[in-house]
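# Survey of secondary and tertiary structure
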Amino acid sequence: MAVEAKAKETGGGETGTQFTVDDYRRAYEDMLLIRRFEEKAGQLYGMGLIGGFCHLYIGQEAVVVGAQMAMQEGDQVITGYRDHGHMLATGMDAKGVMAELTGRASGYSKGKGGSMHMFSVEKNFYGGHGIVGAQVSLGTGIAFANRYRENGAVALTYFGDGASNQGQVYESFNMAKLWSLPVVYMIENNKYGMGTSIDRASANTDLSQRGASFGIPGEQVDGMHVETMRDAVARALEHARSGKGPYILEMLTYRYRGHSMSDPAKYRTRDEVNEYRQKRDPIDHVRDILISQHGVKEDAIKAIDKRVRDTVNTAAEFAQSEPEPDPSELWTDVVR
Amino acid sequence: MPTEILMPALSPTMEEGKLAKWLKSVGDNVAPGDVIAEIETDKATMEVEAVDEGTLGKILVEEGTEGVPVNAPIAVLLGEGESESDIGAAAAPTPEKAPASESSAPAAAADGPKPTGSLSADAPRPPAAPRSGPAPAEMPDDQPAEPDVPAGTEMKQITVREALRDAMAEEMRADGDVFLMGEEVAEYQGAYKVSQGLLEEFGARRVVDTPITEHGFAGLGVGAAMAGLKPIVEFMTFNFAMQAIDQIINSAAKTHYMSGGFIKSQIVFRGPNGAAARVAAQHSQDFASWYAHVPGHRVIQPYSAMDAKGLLKAAIRDPNPVIFLENEILYGQTFEVPAEMDFVLPIGKAKVEKTGRDVTIVSFGIGMTYAMKAAAELAQMGIDAEVVNLRTIRPLDIDTVIKSVQKTNRCVTVEEAFPTCSISSEIGYQLMEKAFDFLDAPVLRVTGKDVPMPYAANLEKLALPSVAEVIDAVKAVTYRT
Ligand SMILES: Cc1ncc(C[n+]2csc(CCOP(=O)(O)OP(=O)(O)O)c2C)c(N)n1
Ligand SMILES: [Mg+2]
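Cut-offs applied
Residues numbered from 1 in each chain as written. Chains lettered and ligands numbered in written order. Predicted model: local features only at pLDDT ≥ 70, side-chain atom pairs only at ≥ 80, totals over all residues. Heavy atoms only, no water. Helix = DSSP H or I, 4+ residues; strand = E, 2+ residues; numbered from the N terminus. Buried < 20%, exposed > 50% of the residue type's maximum accessible area, 1.4 Å probe, protein only. Areas by Shrake-Rupley, 256 points an atom, 1.4 Å probe, with all protein chains shown as cover. Rg over C-alpha atoms; globule rule 2.2 N^0.38 Å. Contact = heavy atoms within 4.5 Å. Pairing = 2+ DSSP bridges. Axes fitted to C-alpha atoms, helices over the stretch in contact; angles between N-to-C directions. Polar contact = N/O pair within 3.5 Å; in protein donor to acceptor, adjacent residues only side chain to side chain. Domains from an automatic or database assignment. Near = heavy atom within 4 Å. Nonpolar A, V, L, I, M, F, W, Y, C, P; charged D, E, K, R; others polar. Buried area = accessible area lost by both parts, 1.4 Å probe. Salt bridge = Lys/Arg side-chain N within 4 Å of Asp/Glu carboxyl O. Donors = N, O, S within 2.8 Å, 3.2 Å for Na, K, Ca; no water. Expected span 1.5 Å × (residues − 1). Patch = residues over 30% accessible without salt bridge, like charges linked within 9 Å, V, L, I, M, F, W, Y side chains within 5 Å.

A few words on the overall build of chain B. For chain B, the helix and strand inventory stands at 13 helices and 22 strands. Within chain B, the fraction of its 481 residues that count as buried is 59%. Carbon and sulfur atoms provide 53% of the accessible area of chain B, an area that totals close to 18700 Å².

The subject of this paragraph is the overall build of chain A. Of regular secondary structure, chain A possesses 12 helices and 7 strands. Its C-alpha atoms give chain A a radius of gyration of 19 Å, within 12% of the compact-globule value 20 Å for 336 residues. The buried share among the 336 residues of chain A stands at 62%. Sequence separation of 24 or more characterises 75% of the internal contacts of chain A that already satisfy a separation of 6 or more. Looking at chain A as shown, the accessible area adds up to about 12800 Å², and 50% of this sits on carbon and sulfur atoms.

Our next topic: the sheet that holds strand β6 (residues 218-222) of chain A. All names here are of chain A. The strand order β1-β2-β3-β7-β6 describes an open sheet built from 5 strands, whose pairing is parallel. The two strands at the open ends of the sheet, each matched to only one other strand, are β1 (76-78) and β6. Pairwise comparison of adjacent strand axes, ignoring direction, gives a mean angle of 20 degrees for this sheet. Two strands pair when backbone bridges link them, and strand β2 (residues 155-160) and strand β3 (residues 183-189) are joined in this way by 6 bridges, in the parallel orientation. Within β3, the residue paired with L156 across the bridge is V184. Across the sheet, helix α3 (residues 61-70) is in contact with β2, β3 and β7 (247-252); its angle to β2 comes to roughly 170 degrees. The sheet strands contacting helix α9 (residues 226-244) are β2, β3, β6 and β7, and the helix crosses β6 at an angle near 160 degrees.

Residue and element names in this part refer to chain B. You can see K313 is positioned in helix α7 (residues 305-317). For K313, a relative accessible area of 1% translates into the label buried. Separated by 2.9 Å, the side chains of K313 and E171 make a polar contact. Residues in contact with K313, not counting those within four places in the same chain, are A167, E170, E171, M341, D342, F343 and V344.

Turning our attention to the sheet that holds strand β10 (residues 178-182) of chain B. Residues and elements named next belong to chain B. Strand order in the open sheet formed by 7 strands is β11-β10-β12-β13-β15-β14-β20, and the pairing between neighbours is mixed. Edge positions in the open sheet fall to β11 (207-209) and β20 (392-394), since each of these has one partner strand only. The average undirected angle you get between the axes of adjacent strands in this sheet is 20 degrees. Bridge count between β10 and β11: 3 bridges; the pairing is parallel. Residue pairing for β11: M181 is matched across the bridge by V208.

In this section: the domain arrangement of chain B. Its domain assignment divides chain B into domain 1 (3-80), domain 2 (155-338) and domain 3 (350-477). Summarising the inter-unit geometry, the C-alpha centres of domain 1 of chain B and domain 3 of chain B are found 43 Å apart.

What follows concerns unusual backbone geometry. All names here are of chain B. The amide bond that connects R394 to the next residue, P395, takes the cis arrangement and shows omega of -5 degrees. Mapped onto the fold, P395 is located in the loop between β20 and α10 (398-408). A positive phi angle is found at N71, which is not glycine, with a value near 85 degrees. Within the secondary structure, N71 is located in the loop between β7 (65-69) and β8 (73-78). Despite not being glycine, A280 shows a phi value in the positive range, around 70 degrees. On the secondary structure map, A280 appears in the loop between β13 (268-272) and α6 (288-292).

Near ligand 1 there are 22 residues, and of these Y81(A), R82(A), G130(A), A163(A) and E214(B) occur at the shortest range. Chains contributing residues near ligand 1 are chains A and B. In the model, an oxygen atom of ligand 1 is placed 2.8 Å from a nitrogen or oxygen of the G162(A) main chain. A distance of 2.8 Å separates an oxygen atom of ligand 1 from a polar side-chain atom of N190(A). Compared with its free state, where it exposes 590 Å², ligand 1 has 95% of that area covered by protein. Tallied by class, residues from the shell around ligand 1 come to 9 nonpolar, 9 polar and 4 charged.

We now examine the interface of chain B and chain A. Taken together, the contact pairs 58 residues of chain B with 55 residues of chain A. In terms of surface lost to chain A, no three residues of chain B exceed Y188(B), I212(B) and Y455(B), which account for 15% of the buried area on that side. Seen at the junction of chain B and chain A, the total is 6 salt bridges. Along the contact surface separating chain B from chain A lie 20 residue pairs in polar contact (both at pLDDT 80 or more). Those elements giving two or more residues to the side of chain B that touches chain A turn out to be β5 (45-49), α1 (99-102) and α12 (457-463) of chain B.

The next subject is the coordination of the magnesium ion (ligand 2). Residue and element names in this part refer to chain A. Around the magnesium ion (ligand 2), the protein contributes the donor atoms D161 (OD), N190 (OD1) and Y192 (O), which lie 2.1 Å from the metal centre. Each donor residue of the magnesium ion (ligand 2) lies on one chain, and together they are spaced D-x28-N-x1-Y. You can see D161 sitting in the loop between β2 and α7 (167-178) and its partner N190 sitting in the loop between β3 and β4 (192-193), a full 29 residues away along the chain. Accessibility expressed as a relative area gives 3% for D161, which makes it buried. By relative accessible area, which is 5% here, N190 ends up buried.

Let's shift gears to α9(A). Residues and elements named next belong to chain A. An ideal rise of 1.5 Å per residue puts 27 Å on 19 residues; α9 measures up with 25 Å between its terminal C-alpha atoms. What α9 keeps buried is the set V226, E227, T228, M229, R230, D231, A232, V233, A236, L237, H239 and A240. One or two positions beyond α9, positive phi appears at G245, with a value near 95 degrees.

Residues and elements named next belong to chain A. Residues F144, Y148, M175, L178 and W179 make up a contiguous nonpolar surface patch of about 550 Å² in total accessible area. Only α6 (134-149) and α7 provide two or more residues apiece to the nonpolar patch. For L178, the position within the fold is in helix α7. L178 sits in the exposed class, given a relative accessible area of 59%.

Here we come to helix α11 (residues 423-435) of chain B. All names here are of chain B. Along its 13 residues, α11 runs 17 Å from first to last C-alpha, staying within 8% of the 18 Å computed at 1.5 Å per residue. Those residues of α11 not exposed but buried are I423, S424, I427, G428, Q430, L431 and A435. Among the structural elements, α6, β18 (359-363), β20, α10, β21 (411-414) and β22 (444-446) are those in contact with the buried residues of α11.

The next thing to look at is the pairing of β7(A). Residues and elements named next belong to chain A. A large share of β7 lies buried, amounting to 6 of its 6 residues. Neither face of β7 is exposed, since Y247, L249 and M251 on one face and I248, E250 and L252 on the opposite face are all buried. Both β3 and β7 contribute to a ladder of 6 bridges, which runs parallel. Bridged to N189 within β7 is L252. The pairing of β6 with β7 spans 5 bridges and is parallel. By the bridge assignment for β7, D222 is matched with L252.

The next subject is the pattern of salt bridges. Residues and elements named next belong to chain B. The full count for this structure, using the stated rule, is 45 salt bridges over all chains. A salt bridge links E171 to R317, with the nearest nitrogen and oxygen atoms 2.8 Å apart. Residue E171 is located in helix α2 (residues 160-174), and its partner R317 is located in helix α7; the two are separated by 146 residues in the primary sequence. Between E326 and R270 there is a salt bridge; the shortest N-O distance is 2.5 Å.

Within the secondary structure, R255(A) is located in the loop between β7 and α10 (270-279). A polar contact of 3.0 Å, which involves the side chain of R255(A), links it to the backbone oxygen of R257(A).

Shown next, in the form of structure tokens:
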């Protein structure tokens, strides 16, 4: 059978050696940007400046940043509604993302999409989707187009542990394998789909093996370590790009905040959250390595922190001072 | 400078909440992420996490305080080296008043609808309308609308949310074949807290949390119904029922007919439908006309708690598939229902919520909030509107609408859905077919705009119907300017 042996969950230390100090610096800054951006978004939501649903990515930063470090120019990303981190990782502008959150004309979707629906043709980011599981077929379709055009690109298709139970996921798996489509299925297993823990929703909780009956190889990855993330995604991309078809990565990760802003959080204990926050934080991990293994000085770290804070504050100011869309925009973009 | 901690908005529809409990005291150190307080909204109790670092300098809102508006300062946080004496200096960091915050909730959510019947109380007599027969002064008093409950029935005030829960609980007590299934219905108590307490009372056998797999569990529900059970399938919202539409239409609605009447599917598909607040295109759609298009099932869209209670009980007992379209914004609104337990309303019967002589406004579900407010404002202008609440969309009680139009000779329909092939289209057509001679003006419709729901606060407001649009339409059909 084509399914490869399950990779062992590895700690960051093992593969960390291949990571240069510059890699760590970049990873630190990129992850911190997502963290601070999300904290700010949470704050603006609390002030009523952001409305509707707002799903924060805090805790999961290493997943998208590690993946981005392994991607090549032209590879695409598609995800669900917990999408701010994915957008920032692809290099989309924090100002445009924040302005979309506040529903302003200069947001990525001109204020029409909001938190869950942003796109960037330039950065190959295909959204931003609100219907759980729908992006899995869409990402498979992007991969279909890649193979059709033979452009060498791979579609990274992200979805959650909860989404992994939707039927169209398996319909997509079958087609992707049948037609050897260049797609990497990126399952972000943060242990919960809303208030339902994975073991209350899934008969088999090893999501990396969900492609087994189609012969799609998969592995579990420590999603709290950016180094393991980069390595695993590099492996998966190589597999998909070389014409062998789809690959599944199940990232073991954790979201610190509630599912969305209104989450009574009665389904997990504070201790569980603190365990991750205090002992397994992906950003603390990289900061520690920078300082203890690479001798980077506290001042240099502080300089990065400040740069990130400035970027986020600028984005927040921009997002509050830009105008709302012109009323005539109500009628534009419905069809071409 | 000390930072004020503000009452946070914790959900798309929250405007105020109760400060239930302080978990930190004055003098305590606070780090970002620390839980500092618990807040109760109509939906749930939630924890408030600190965003900034510091020492809790002062508590401005004591625990137990109800109705604390979003953005009101609730405490003051002192930074490094600051003391209580600095507090006076803390200018209230009034969040920059963005245009967004003024219009963040749809107009309908702003204040609850007036209790039934109170609207026409002191309306001035309408002046003679140009073409509506005898002068109002000479008109006989209207027949009062047929009451839902006999005079003297003891009533109580409950929210639509509670009415739905009570309806399910009562029917589950009465019939062991009734069970509830859906995402987050059991342990989480419902994503919108509609199934609160049901798991405790009925246990996990009858209150079933499903994986996120709408097509699968809708089909499973239909199969269970074919086998004789009476499932209530909750969709977290009807937007997600689109994943399951094949089973709802092709399996549930058609099987009775296809089997020559031998297989029934007694199943209720229910959940919030339509726009909530700022949740954008994929999460804001009214599916009434989609379902109403299809023969083989019933489609209900309740407005008040009375509708919700009486019709959900009827839906659970009905031997057919029933699509029961609720609304998130209405969940928290309070109405009267009979205090007595077994209150059931007939499916397929509209209700005249307010009698009037000059124009008939027909609506349903949340559309009723615009209709009722418009009727109240029209009364001030001397236009006496009759408001018909359809309650059931399929079968449509066109007779009640016709009866009203025979009296008023004018009709305006109101709904939040898109205009094309809407319920309004259907009513307009049926009136033309069956009451053409009674119409003194074309039937006008007030609907959501023909665009996907935009996210931006100003655009969302424009996309939804408004009370002003209803008033304009009424003026047009009554030839007022
Ligand atoms: C088809 C569909 N069903 C239900 C929902 C409501 N919903 C939004 S997110 C979510 C949980 C998804 O969990 P998971 O896939 O684990 O992603 P996470 O939120 O943990 O990132 C649910 C049930 C939806 N948006 N779409
Ligand atoms: Mg999850």
